[in-house]
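Chain by chain, the residues run as shown.
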Amino acid sequence: MNEEVYTGAEQNRAEHVQMVTLPNQTTQTIANMVVASAVIWVVISVIQIIIGLPLMIFGIGFATLGCGCWNIYACIRNFKHANYVRNCDNPYQGARIVKSYEDSWGAILLCLLLNLFLGGGIGVIGAIYDYILRSYVLKHRDKLGG
């Protein structure tokens, strides 16, 4: 029988190290939340484009139309990000996910302000949801290896 013998320091270290197995329920939840965010932004984008097109006649719909188009581009990125999170399989990738959400506060705020003032105000809903998603990721950073 092969028994492993641990010194006191090795055993102490082994007790404090928690292995994170990815993907896990947290990555699945985050991926689902990212998809929900993308769907919210698709709806917002379509509304912005519908509002912006007729307002272009008066010369004031360009900003709303531009926000709608930009938000569609962001939706595409969100769907790709959801696949990345769903297929995350090592703590390094998990730590990168956490880092990206740690750094996203300014981008969410900028998105909120642009959509509030140029996008007809409806984009605030998407920005608030993105902040909720960010908070969830940061609360569960230990389950991602970050």
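Cut-offs used in this document
Position numbers for residues count from 1 along each chain, tracking the sequence in the order it is written. Only residues with pLDDT of at least 70 are given local features in this predicted model, and only at 80 or more are side-chain atom pairs given and counted; all residues enter the totals for whole chains, interfaces and linings. Water and hydrogen atoms play no part in the side-chain values, which are based on all heavy atoms of the structure. Only runs of H or I of at least four residues qualify as helices and only runs of E of at least two qualify as strands under DSSP, and these elements are numbered from the N terminus. For a helix, the expected span equals 1.5 Å multiplied by the number of residues minus one. In protein, a polar contact means a hydrogen-donor-capable atom and an acceptor-capable atom, both N or O and within 3.5 Å, with residues adjacent in sequence counting only if both atoms are side-chain atoms; elsewhere, any N or O pair within 3.5 Å suffices. The pairing test for Phe, Tyr and Trp rings, Trp by its six-membered ring, is centres within 6.5 Å, and the orientation test on the planes gives stacked under 30 degrees, edge-to-face over 60, and tilted for anything in between. Summary of the burial criterion: residues with accessible area below 20% of their type's maximum are buried, those above 50% are exposed, and those between are partly exposed, where the area comes from a 1.4 Å probe applied to protein chains only. Axis definition: a line fitted to C-alpha atoms, limited for helices to the stretch in contact. Angles are taken between N-to-C directions and run from 0 to 180 degrees. Our angle categories are set so that under 35 degrees counts as roughly parallel, over 145 as roughly antiparallel, 65 to 115 as roughly perpendicular, and the remainder as oblique. Helix crossings get a hand from a simple test, with the near helix turned counterclockwise from the far one by less than a right angle marking a left-handed crossing and a clockwise turn marking a right-handed one. As used here, the term nonpolar core means buried Ala, Val, Leu, Ile, Met, Phe, Trp, Tyr and Cys residues forming a set that is joined through side-chain atoms within 4.5 Å. By definition, residues are in contact when any of their heavy atoms lie within 4.5 Å. Throughout, the ten residues Ala, Val, Leu, Ile, Met, Phe, Trp, Tyr, Cys and Pro are labelled nonpolar, Asp, Glu, Lys and Arg are labelled charged, and all others, Gly among them, are labelled polar. In this analysis the probe radius is 1.4 Å and the grid spacing 1 Å, with only protein atoms considered; a cavity is a set of points the probe fits into but cannot get out of, a pocket is an open set with protein on both sides within 12 Å along at least five of seven lines, and lining residues have an atom within 4 Å of a point. Grid points are joined across faces, edges and corners, and a volume is the space filled by probe spheres set on the points.

1. Some details on helix 2 (residues 25-55)
Turn by turn, an α-helix covers 3.6 residues, leaving residues three or four places apart pointing in a common direction.
Moving on, step 1. Under the 1.5 Å per step criterion, the end-to-end length of helix 2 is 45 Å for 31 residues, consistent within 8% with the ideal 45 Å.
Moving on, step 2. Regarding helix 2, its N-cap is N24, as a side-chain oxygen of that residue lies 3.0 Å from the backbone nitrogen of T26 further along.

2. Some details on the packing of aromatic side chains
Moving on, step 1. Tallied over the full model, the rule gives 2 aromatic pairs.
Moving on, step 2. Ring geometry for W70 against Y73: centres 5.1 Å apart, planes inclined by 45°, an arrangement best described as tilted. Residue W70 and its partner Y73 are located together in helix 3 (residues 62-86), separated by 3 residues, close to a single helical turn.
Moving on, step 3. W70 sits in the exposed class, given a relative accessible area of 55%.
Moving on, step 4. For the pair W105 and Y131, a centre-to-centre distance of 5.0 Å together with 65° between the ring planes defines the contact as edge-to-face. Taken together, the residues span a long stretch of sequence, with W105 in helix 5 (residues 105-117) and Y131 in helix 6 (residues 123-139) at a distance of 26 residues.
Moving on, step 5. Residue classification places W105 among the partly exposed positions, given a relative accessible area of 42%.
Moving on, step 6. On the accessibility criterion, Y131 (36% relative accessible area) is partly exposed.

3. With respect to unusual backbone geometry
Moving on, step 1. Here L22 and P23 are connected by a cis peptide whose omega angle stands at -5°.
Moving on, step 2. Residue position: P23 is located in the loop between helix 1 (8-16) and helix 2.

4. Quick look at the packing of helix 2 against helix 3
Moving on, step 1. Where helix 2 contacts helix 3, the two axes come as close as 8 Å, and the packing angle between them is 165°. By the angle between their axes, helix 2 is roughly antiparallel relative to helix 3. As for how helix 2 packs across helix 3, the hand of that crossing is left-handed.

5. What about the nonpolar core?
Moving on, step 1. I30, V34, I97, Y101, L133, V137 and L144 are the most contacted members of the largest nonpolar core, which has 15 residues in total.
Moving on, step 2. Looking at this core, the elements that each hand over two or more residues are helix 2, helix 3, helix 4 (91-102) and helix 6.
Moving on, step 3. The element that contributes the greatest number of residues to this core is helix 2, accounting for 4 residues.
Moving on, step 4. Those residues in contact with L144 that sit more than four places away from it in its chain are V20, L22, T26, T27, I30, P91, G94, A95, I97, V98 and V137.

6. With respect to the packing of helix 3 against helix 4
Moving on, step 1. Running from N to C, helix 3 and helix 4 cross one another at 140°; their axes reach a closest spacing of 10 Å. When the interaxial angle is binned, helix 3 and helix 4 end up oblique. On helix 4, the residues touching H81, Y84 and V85 of helix 3 are Q93, R96, I97 and Y101.
Moving on, step 2. Considered class by class, the residues forming the contact of helix 3 with helix 4 number 4 nonpolar, 2 polar and 1 charged.

7. Examining the environment of D103
Moving on, step 1. Structurally, D103 can be placed in the loop between helix 4 and helix 5.
Moving on, step 2. A sequence separation of 31 residues divides D103 from R134, and the C-alpha atoms of the two residues are 9.7 Å apart.

8. Some words on the layout of surface pockets
Moving on, step 1. Considered as a void within the structure, the largest pocket measures approximately 850 Å³ in volume.
Moving on, step 2. Around the largest pocket, the lining is made up of 26 residues, and of these A74, R77, N78, A107 and D130 lie nearest the centre.
Moving on, step 3. Within the residue set of the lining of the largest pocket, elements represented by two or more residues are helix 2, helix 3, helix 4, helix 5 and helix 6.
Moving on, step 4. Element by element, the count of residues in the lining of the largest pocket is highest for helix 3, at 9 residues.
Moving on, step 5. Grouping the amino acids of the lining of the largest pocket by side-chain chemistry returns 15 nonpolar, 8 polar and 3 charged.

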